[in-house]
Amino acid sequence: MKFYQQSRLQRLTTLRQEGHLDNSAYQYFLNDQGLTQERANQLVENQLTLFPLPEGVARQVLVDGEMHDVPMVTEEPSVIAAASNGAKMAAQGTGFQTKIQNRQMIGQIILENVAQPERTKQNLLMDKTHLLEVANAAHPSIVKRGGGAKDLRVRILGSAFLSVDLIVDVKQAMGANMLNTMLEAVASELTTTRQDNCLMSILSNYATESLVTASCVIPVSVFEIQRLAGNQVAAKICAASQVAQLDPYRAATHNKGIMNGIDAAVIASGNDFRAIESGAQAYAARDGQYRGLSQWHVHEDKLVGALTLPLPLGFVGGATKTLPIVQANQKLAGINSAEDLMRVVAAIGLAQNLAALKALVTTGIQKGHMALQAKSLAISAGATTNEVQWLTAKLLQTKKFDLRTAKLLLRKLRQ
Ligand code: NDP
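Definitions and limits used
- Residues numbered from 1 in each chain as written.
- Predicted model: local features only at pLDDT ≥ 70, side-chain atom pairs only at ≥ 80, totals over all residues.
- Heavy atoms only, no water.
- Near = heavy atom within 4 Å.
- Polar contact = N/O pair within 3.5 Å; in protein donor to acceptor, adjacent residues only side chain to side chain.
- Areas by Shrake-Rupley, 256 points an atom, 1.4 Å probe, with all protein chains shown as cover.
- Helix = DSSP H or I, 4+ residues; strand = E, 2+ residues; numbered from the N terminus.
- Buried < 20%, exposed > 50% of the residue type's maximum accessible area, 1.4 Å probe, protein only.
- Axes fitted to C-alpha atoms, helices over the stretch in contact; angles between N-to-C directions.
- Parallel < 35°, antiparallel > 145°, perpendicular 65-115°, else oblique.
- Contact = heavy atoms within 4.5 Å.
- Pairing = 2+ DSSP bridges.
- Phe/Tyr/Trp six-rings, centres within 6.5 Å; stacked < 30°, edge-to-face > 60°.
- Lys NZ or Arg CZ within 6 Å of the ring centre and 35° of its normal.
- Disulfide = S-S within 2.5 Å.
- Core = buried A, V, L, I, M, F, W, Y, C linked by side-chain atoms within 4.5 Å.

Outline the site of the ligand, supporting the account with residue identities and numerical values.
Neighbouring residues of the ligand: 21 residues in total, closest S141, R145, G175, N177 and D272. Contact between the ligand and N177: an oxygen atom at 2.9 Å from a side-chain N or O atom of the residue. The contact in question runs from an oxygen atom of the ligand to an N or O atom on the backbone of M178, over 3.3 Å. Surface burial for the ligand is 68%, taken as the share of its 930 Å² of free accessible area covered by protein chains. When contributions to the shell around the ligand are tallied by element, the ones reaching two or more residues are α7 (140–144) and α8 (176–194). Tallying contributions element by element places α8 first for the shell around the ligand, with four residues.

Shown next as structure tokens:
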């Protein structure tokens, strides 16, 4: 029986038997030991209740020669199925190859009312060594771990603002809090010793020093369908990718598809998905026009795809320890470092994109979606666990996908 046809318990058993879940992670998933009200009350303000979301797993995502099972948290039907489908297609070629271009965070101290921007910039740069020392003294533990402030750059913004950019090696953390601590220490130094006017200091989510690329090379024959040859489907995928480079309307949806996978994997990893979203969207507009984050082309009968985006993800810190499920997810995913996480999440983004583009240029997105949407509709209409399968099949038969029809059919079943 295929993994997706198994019951939840069978799936957990399969994962344990295949060695993807150790006993503690298996017990965790089995017994559904979610977040307690008590812990939730410690995490946010004015806490009232919990808001559970489904978690599934994209299976057999081949990243740099290693298979990963990637936990994904999403409310949207078809996202996990599509990611698995994209990963399966990629595995028929090279799988995903990844390259981490760098892994540092950028923070900004904004100076305002700067009378002589160019002169101030030069003065700040001359003071770089001292300012880096101030930053590192504010968070000595990261220096002990081999990280810390590595560089300081200055950019003139408009006629009277300066951005003092601090570049920090945050090791295994996402680094927002440690960076903000360092920035505030440097800002205080600038205010007291140089009388600079500091408007604010905070990290930048435009994490251009944390770029990762995932790519894959797949024989075009993999894309063959009944009415189209593999090279024809591959050519259409390339054309779709080209349109996302030309048109922001299409690019936004192209990137939404990528982020369907990335956000789901990022949430499961306990990282701040808003930080990842804002960085990815800013990167998509890096040359002044908003464009698709991934690109596809055909080379010697192979479809070649690549996705580059900032993924400043943490393996420690943030919610990785406060949300108990994150450690079980790290084990399931076979992720042992922030770098592993960057690679796997980028691969999921490209897998998701491939599956979406293939569906769009062949059968259309609705065919696959409707089966899953029909199931959601059945649940919304109030079907019990035993009724869901019947009602989903009926909705697909009638091809009427609205709540009224779902409720009418359910009433008939119960009569
Ligand atoms: P934490 O504040 O939890 O800091 C991570 C801590 O982990 C470090 O300070 C370090 O503490 C400890 N640590 C243990 N082992 C390591 C290691 N190997 N490498 C690095 N650190 C290690 O998290 P972050 O600083 O990563 O900040 C992330 C949080 O900040 C997220 O929750 C995010 O939502 C939030 N945030 C985001 C903002 C944004 O995106 N704009 C703004 C503000 C906050 P020690 O060295 O002392 O042991």
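Pulling in residues and values, what's your account of the environment of D64?
By the secondary structure assignment, D64 is in the loop between β1 (55–63) and β2 (66–73). According to the relative accessible area criterion, D64 is partly exposed, its value standing at 32%. For the pair formed by D64 and K99, sequence separation is 35 residues and the distance between their alpha carbons is 9.3 Å. Of note is the side chain of D64, whose polar atom sits 2.5 Å from the side chain of T98.

Can you explain the packing of helix α4 (residues 79–91) against helix α13 (residues 338–361)? Please cite residues and give values.
Direction vectors running N to C along α4 and α13 enclose 95°, while the axes themselves pass 7 Å from each other. By the angle class used here, α4 and α13 are roughly perpendicular. Note on element contacts: α13 touches α4 through I348, A351, Q352, L354, A355 and K358, opposite V79, A82, A83, N85, G86, A87 and M89.

An account of the pairing of strand β6 (residues 161–169) is requested, with residue identities and associated values reported.
Here is the key point about a regular strand: its side chains alternate between the two faces of the sheet. Extensive coverage of β6 is indicated by the burial of eight of its nine residues. Both strand β4 (residues 105–111) and β6 contribute to a ladder of seven bridges, which runs antiparallel. Residue pairing across strands places I110 opposite S163, the latter belonging to β6. Pairing geometry for strand β5 (residues 148–157) and β6, over nine bridges, is antiparallel.

Pulling in residues and values, what's your account of the packing of aromatic side chains?
Considering all chains together, one arrives at one aromatic pair under this definition. Their ring planes at 85° and their centres at 6.1 Å tell us that Y28 and F29 sit as a pair that is edge-to-face. As far as burial versus exposure is concerned, Y28 and F29 are alike and both buried. Over the face of the ring belonging to Y26 we find R16, whose NZ or CZ atom lies 3.9 Å from the ring centre.

Let's hear about the state of the cysteines: which residues, and what values?
Scanning the entire structure with this criterion turns up zero disulfides. A disulfide-free cysteine, C216 has its sulfur positioned 11 Å from the sulfur of C238, the nearest such atom. Residue classification places C238 among the buried positions, given a relative accessible area of 14%.

Explain the sheet that holds strand β10 (residues 302–310) to me, using residue names and the numbers behind them.
Reading across from one edge, β3-β8-β10-β9 is the order of the four strands in this open sheet, with antiparallel pairing throughout. Here the strands that pair on one side only, and so sit at the sheet edges, are β3 (97–100) and β9 (294–299). When the angles between neighbouring strand axes are averaged without regard to direction, this sheet yields 15°. Two strands pair when backbone bridges link them, and β9 and β10 are joined in this way by six bridges, in the antiparallel orientation. Of the residues in β10, the one forming a bridge with S294 is L307. Set on the sheet, helix α10 (residues 248–268) makes contact with β9 and β10; between it and β10 the angle comes to about 75°. Each of β8 (211–219) and β10 is contacted by helix α11 (residues 273–284), which is oriented at about 115° to β10, the strand it contacts most.

Residues and numbers for the nonpolar core, please.
Counting residues in hydrophobic clusters, the biggest one holds 63 residues, and the most contacted among them are I262 and L311. Among the elements that line this core, the one with the most residues is α13, at 14 residues. Core analysis: the next-biggest nonpolar cluster, separate from the first, contains 31 residues, L111, V134, V170 and A275 among them.

Can you explain the pairing of β1? Please cite residues and give values.
Direction of pairing for β1 relative to β2: antiparallel, over a ladder of seven bridges. For L62, the partnering residue across the bridge sits in β2 and is M67. Count of turn residues in the β1/β2 antiparallel hairpin: two residues, of which D64 carries a positive phi of about 50°.

Before we move on, can you summarise the side chain of S210 with the specific residues and values?
Mapped onto the elements, S210 comes out in the loop between β7 (198–203) and β8. Here Q104 takes part through its backbone oxygen, which lies 2.9 Å from a polar atom of the side chain of S210.

Tell me about unusual backbone geometry, and please be specific about residues and values.
Of note, N46 is a non-glycine position whose phi angle comes to about 55°, a positive value. Topologically, N46 is positioned in the loop between α3 (37–43) and β1. The phi dihedral of K171 is positive, around 50°, even though this residue is not glycine. Examined against the element boundaries, K171 turns out to sit in the loop between β6 and α8.

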